[in-house]
Amino acid sequence: MSEIENKIREEARKALESGEISLVIGWGEGSVPFKTTPVFVEKADDVDKLVWNKFCVNNLAVYLPKTARDRKVGIVAKPCDIRSIVTLIQEKQIKRENVFIIALGCGGVADATVPGESTPRQMCLLCEKRQPAIYDVVIGESVPLEEPRAQIIPELLEERQKYWAEQFSKCIRCYACRQVCPACYCRLCFADRVEPRWTARKATADEAWMFHSTRVMHLAGRCIQCGECERVCPVGIPVAELAREMAAVIKANYNYEAGDPKEVAPVLGQFREDDVDPAQHSE
Amino acid sequence: MSDKILSKSKIQDYLKALAEKFTVVAPMPRRDAPAEFVEINSGDEPILDGSQPMMPPKDYLLPRYETLLKVDRGPEGVKIESTIPEDKPRVMLGVWLPDAQAIQVLDRVFLDKNFVDPYYAARRQNTLIAAVIPKEPRWSWFCSSVDDVENWRKNVDAIFYDLGDRYFVESESEKGQALVDVSAMSEAGDEDNAEKDKVWRRFAEQDILPFARKALYEQLEWDNPIWAEIAQKCLGCGICSYMCPSCSCFDIRDDMHDICIERYRCRDTCQFEDFTLMGAGHNPRPTQLPRSRQRLLHKFKYQHEQFGVVGCTGCGRCVELCPVNVDIRDVLSRTCVEEV
Amino acid sequence: MAEETAVINKRSEEIAEASDEWQPTILGILCNWCSYAGADLAGSARLHYPETIRIIRVPCSGRVDPMFVLKGFQKGFDGVMVLGCHPGDCHYAKGNYYARRRIALVQNLLKSLGIPEERFHFEWVSASEGNRFAQLVTEFTEQIKALGPFEGVAKV
């Protein structure tokens, strides 16, 4: 790991010294050994703050729309973070020439909440796209994860409704899932609108249901399944599962994947005349 | 005040005895989520040893969503229904000591002599608080760094010390006697006392951080460069304030159901962009920097100036849960460096 | 055709007569140019269809935000129906093609959330298909009656 760290620091130093890049966003040492924290390096002398380990969980692309608006910014990114960057470029939130991508090979990250215990992130166990989609430099190689993934939500339809009711009853509407997501960059979120009020800020299960189900629809074809939303949830709601199932249907129906540079329009912003027809009455 | 021993095998007997006099509120476990303070039923097995993450007790005293009144228009005319909860004797068990101390902060806000919040008062004024000191303090606690925890004892009615197979229970107030005068308990001996002292010391001497308490109130300044650093990475979610046992900001909103209006209270946080957004569109805290600064100055400086009580009680939830590892212990260590 | 109409009318009247039984409340989101016009035709032809449906008119099925469907269920409608112009016949040329993708995804989301798919109906109804509209609403009402009241999105 240390060799990769050195290379990251070297690339960051070169970028900052080139004069073109005024900021490199990466991960730094956290306040405890099992956490890292986003760092914003502006001086070449500070590149030693950058680290790389299995606790580099944050999807740093979330900081790009604000920081890379009018200047070129470097970012240290895992393959999933890069898919977010691709989405942001496709949606014209940032320009490709304003991002210098230091891409990393990845073997999955670990989520830890107590000292000494960490588990591989569930989303990482499903990740097939471990090659960086776009990059300026690549450091290291991706390693597949061998562990099988457990089924998280119930298979049976009848059990699912109760399952989600129980899960959403925990929701405290902290909006951490939304704030951490690079794809949630709307200036005014539907959940904060009062005219019309789509969902009240009451911490009840049905309002939480409305918020989360709408958010998943808004992420349709845009969520790159990094799993950060689940990681940050203080009450353990597996919000990424809904987005994951949505992404699987989008791939099956429309052969479309979020974060793929070849896509030219959002999945819901295009259609084919031979699209699968969801109408239910055959005549 | 008296000291007793409660064997863990006698917990159900104890809870049954308490239930005859009180509504018992204790943390109940949930799937994949922190335990939650609820009114327990006979046979329930609450988490009384403080060993697991839990939602703060403010979620019971000041619920996340609470109806304040209902207005109905029926055939007989307009009817207004108040929904003030029942004021009945209650006891809260299994409360972390930092959370119990945080209730003092809430009391300053909601039981101010010039205005008593009737909803909070109904749940609070006849409620005994029994704190718990777990065998090992939680890794993220920093209580002794923010206050002299010896002074916290008098603010609870009883303290349960986890000695492994039993609790050492100490009443701290007259009313707290009712929590130890229970037949399920036995007398405490010298050995018990010695172990209890060890448990207390482990808690009280945990990791005193290199910042001086007095400096908190006097050295946190408006133009400290650290605010910009925090604001750069802070995502502006509500985790720190919603999970904090002493944060209590709320919003009051109206909802219409058919022709019935419900006025309710829900949580709000100074970390959301629309917290200070005004009707005309002006927002005095339009970016994350003033919002981050506000929260920390309020918690560590203004609340002390206003109420004479420390706003933060070191429960560590924000340290554990912040998605970007804004660690308040580090922030304070870097800003409050000298004894003033 | 007259026979089919008579059958549908009869079934619908039976639903109305069983007024002491529980009647579902159904949200219908209809596009102005085809399906709403079809509903209008049913009305002007005095075709009987159940009063269970509450119709919201939108300019085009492409206007239907998935949030409308989700909000309908959150508010407690027992069934939600979205109707639009047949593919190729959209008044705005392409709106219903976009609707196809959105509705397919909202159907999938309802499945992920455990909401029975029989409570949501999506179909193409043209302006001349008054009969079909009446039939559709009657059948959907019967379907929802069989399922019973919707217990809500968050009933634990």
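**Q** Can you walk me through the overall build of chain C in this structure?
**A** Tallying secondary structure elements over chain C gives 5 helices and 4 strands in all. Beginning at the N terminus, the succession of helices and strands in chain C can be written as α-β-α-β-α-β-α-β-α. Taken over C-alpha atoms, the radius of gyration comes to 15 Å for chain C, in line with the 15 Å a tight globule of 156 residues would show. Across its three principal axes, chain C shows a C-alpha extent of roughly 45 × 40 × 20 Å. Within chain C, buried positions represent 57% of all 156 residues.

**Q** It is not clear to me how the state of the cysteines should be interpreted in this structure. Could you clarify?
**A** By definition, a disulfide is the covalent link that joins the sulfur atoms of two cysteine residues. Within this structure, the stated rule accounts for 1 disulfide over all chains. For Cys34 of chain C, the disulfide goes to Cys85 of chain C, at an S-S distance of 2.5 Å. The chirality of the disulfide connecting Cys34 of chain C with Cys85 of chain C is right-handed, given an S-S dihedral of about 105°. Residue Cys34 of chain C is found in the loop between strand 1 (26-31) and helix 2 (35-44), and its partner Cys85 of chain C is found in the loop between strand 3 (79-84) and helix 4 (95-112); the two are separated by 51 residues along the sequence. Both residues of the pair, Cys34 of chain C and Cys85 of chain C, belong to the buried class. With no disulfide of its own, Cys266 of chain B lies 12 Å from the sulfur of Cys249 of chain B, the closest cysteine sulfur. Here Cys266 of chain B falls in the buried class, since its relative accessible area comes to 1%.

**Q** I keep staring at the side chain of Glu129 of chain C and nothing clicks. Help me out?
**A** Relative to the helices and strands, Glu129 of chain C resides in the loop between strand 4 (120-124) and helix 5 (130-147). Within the local environment of Glu129 of chain C, its side chain forms a polar contact with the backbone nitrogen of Ser126 of chain C, the two atoms lying 2.7 Å apart.

**Q** How do you make sense of the sheet that holds strand 7 (residues 137-139) of chain A when you look at a structure like this?
**A** Note on sheets: strands pair through backbone hydrogen bonds, and any given pair is parallel or antiparallel. All names here are of chain A. In space, the 5 strands of this open sheet follow the order 2-1-3-4-7, with mixed pairing throughout. Unpaired on one side and paired on the other, strand 2 (36-41) and strand 7 mark the two borders of the sheet. Each strand axis lies, on average, 20° off the axis of its neighbour in the sheet, ignoring direction. For strand 1 (residues 21-29) and strand 2, the ladder comprises 6 bridges, and the chain directions are antiparallel. Residue pairing in the sheet places Trp27 in a bridge with Pro38 of strand 2.

**Q** Is there a simple way to think about the interface of chain A and chain C in this case?
**A** Note: interface size is frequently given as the accessible area lost on complex formation between the parts. The interface of chain A with chain C comprises 46 residues on the first partner and 43 residues on the second. Contact between chain A and chain C buries roughly 4000 Å² in total, counting both sides, with carbon and sulfur atoms accounting for 64%. Looking only at chain A, the three residues that lose the most surface to chain C are Gln161, Trp209 and Phe271 of chain A, adding up to 18% of its buried area. Between chain A and chain C we count 2 salt bridges in total. The shortest N-O distance in the salt bridge between Arg101 of chain C and Asp275 of chain A comes to 2.8 Å. Taken together, the connections running from chain A to chain C amount to 17 residue pairs in polar contact (both at pLDDT 80 or more). Looking at the side of chain A that touches chain C, the elements that each hand over two or more residues are helix 5 (157-169), helix 7 (205-218) and helix 9 (240-254) of chain A. Residue contributions to the side of chain A that touches chain C peak at 10 residues, all from helix 7 of chain A. Across the side of chain A that touches chain C, the residue classes tally to 24 nonpolar, 9 polar and 13 charged.

**Q** When you look at the pattern of salt bridges in this model, what are you seeing that I'm missing?
**A** Pairs may arise between side chains of opposite charge once their charged atoms sit close together. For the structure shown, the criterion picks out 54 salt bridges over all chains. The closest approach of N and O atoms between Lys78 of chain A and Asp81 of chain A, which form a salt bridge, is 3.3 Å. One salt bridge in this structure joins Arg132 of chain C and Glu129 of chain C, with 3.0 Å as the shortest N-O distance. Judged by its relative accessible area of 16%, Glu129 of chain C is buried.

**Q** Looking at this structure, I do not really get the arrangement of the chains. What am I missing?
**A** For the 2 pairs of chains in contact, the maximum contact count is reached by chains A and C. Considering only C-alpha positions, the minimal separation of the non-contacting chain B and chain C is 10 Å.

**Q** How should I be thinking about the nonpolar core in this particular structure?
**A** Generally speaking, a soluble globular protein has its nonpolar side chains buried in company with each other. With 140 residues, the main nonpolar core has Leu64, Ile85, Ile101 and Trp209 of chain A together with Phe73, Leu105 and Phe120 of chain C as its most contacted residues. When residues of this core are sorted by domain, at least three fall in each of domain 1 (2-139) and domain 2 (157-269) of chain A. Those residues in contact with Trp209 of chain A that lie beyond four places of it in its chain are Phe168 of chain A together with Leu70, Phe73, Gln74, Leu113, Ile115 and Val153 of chain C. Counting residues in each nonpolar core, the second largest holds 59 residues, with Ile47, Ala130, Val156 and Phe160 of chain B among its members.

**Q** When you look at a negative patch on the surface in this model, what are you seeing that I'm missing?
**A** Together, Glu10, Glu17, Asp45 and Asp48 of chain A make up a region of like negative charge exposed at the surface. Residue placement: Glu17 of chain A occurs in helix 1 (residues 2-17).

**Q** Explain the domain arrangement of chain A to me, please; I cannot follow it from the model alone.
**A** Residue and element names in this part refer to chain A. Assigned domains of chain A: these are domain 1 (2-139) and domain 2 (157-269). Distance between the C-alpha centres of domain 1 and domain 2: 23 Å. Counting from both sides, the interface comprises 21 residues of domain 1 and, opposite them, 20 residues of domain 2. Summing both sides of the interface, domain 1 and domain 2 together bury roughly 1900 Å²; the carbon and sulfur share of this comes to 57%. Where domain 1 touches domain 2, the interface holds 2 salt bridges. Note that Arg222 is salt-bridged to Glu91, the shortest N-O span being 2.7 Å. Our count for the domain 1 to domain 2 interface comes out at 8 residue pairs in polar contact (both at pLDDT 80 or more). When residues of the side of domain 1 that touches domain 2 are traced back to their parent elements, those giving at least two are helix 3 (79-90) and helix 4 (122-126).

Calculation rules
- Residues numbered from 1 in each chain as written.
- Chains lettered and ligands numbered in written order.
- Predicted model: local features only at pLDDT ≥ 70, side-chain atom pairs only at ≥ 80, totals over all residues.
- Heavy atoms only, no water.
- Helix = DSSP H or I, 4+ residues; strand = E, 2+ residues; numbered from the N terminus.
- Rg over C-alpha atoms; globule rule 2.2 N^0.38 Å.
- Buried < 20%, exposed > 50% of the residue type's maximum accessible area, 1.4 Å probe, protein only.
- Disulfide = S-S within 2.5 Å.
- Polar contact = N/O pair within 3.5 Å; in protein donor to acceptor, adjacent residues only side chain to side chain.
- Pairing = 2+ DSSP bridges.
- Axes fitted to C-alpha atoms, helices over the stretch in contact; angles between N-to-C directions.
- Contact = heavy atoms within 4.5 Å.
- Buried area = accessible area lost by both parts, 1.4 Å probe.
- Salt bridge = Lys/Arg side-chain N within 4 Å of Asp/Glu carboxyl O.
- Nonpolar A, V, L, I, M, F, W, Y, C, P; charged D, E, K, R; others polar.
- Core = buried A, V, L, I, M, F, W, Y, C linked by side-chain atoms within 4.5 Å.
- Domains from an automatic or database assignment.
- Patch = residues over 30% accessible without salt bridge, like charges linked within 9 Å, V, L, I, M, F, W, Y side chains within 5 Å.
- Areas by Shrake-Rupley, 256 points an atom, 1.4 Å probe, with all protein chains shown as cover.
- Lys, Arg positive; Asp, Glu negative; His and termini not counted.
- Charge placed at Lys NZ, Arg CZ, Asp CG, Glu CD.

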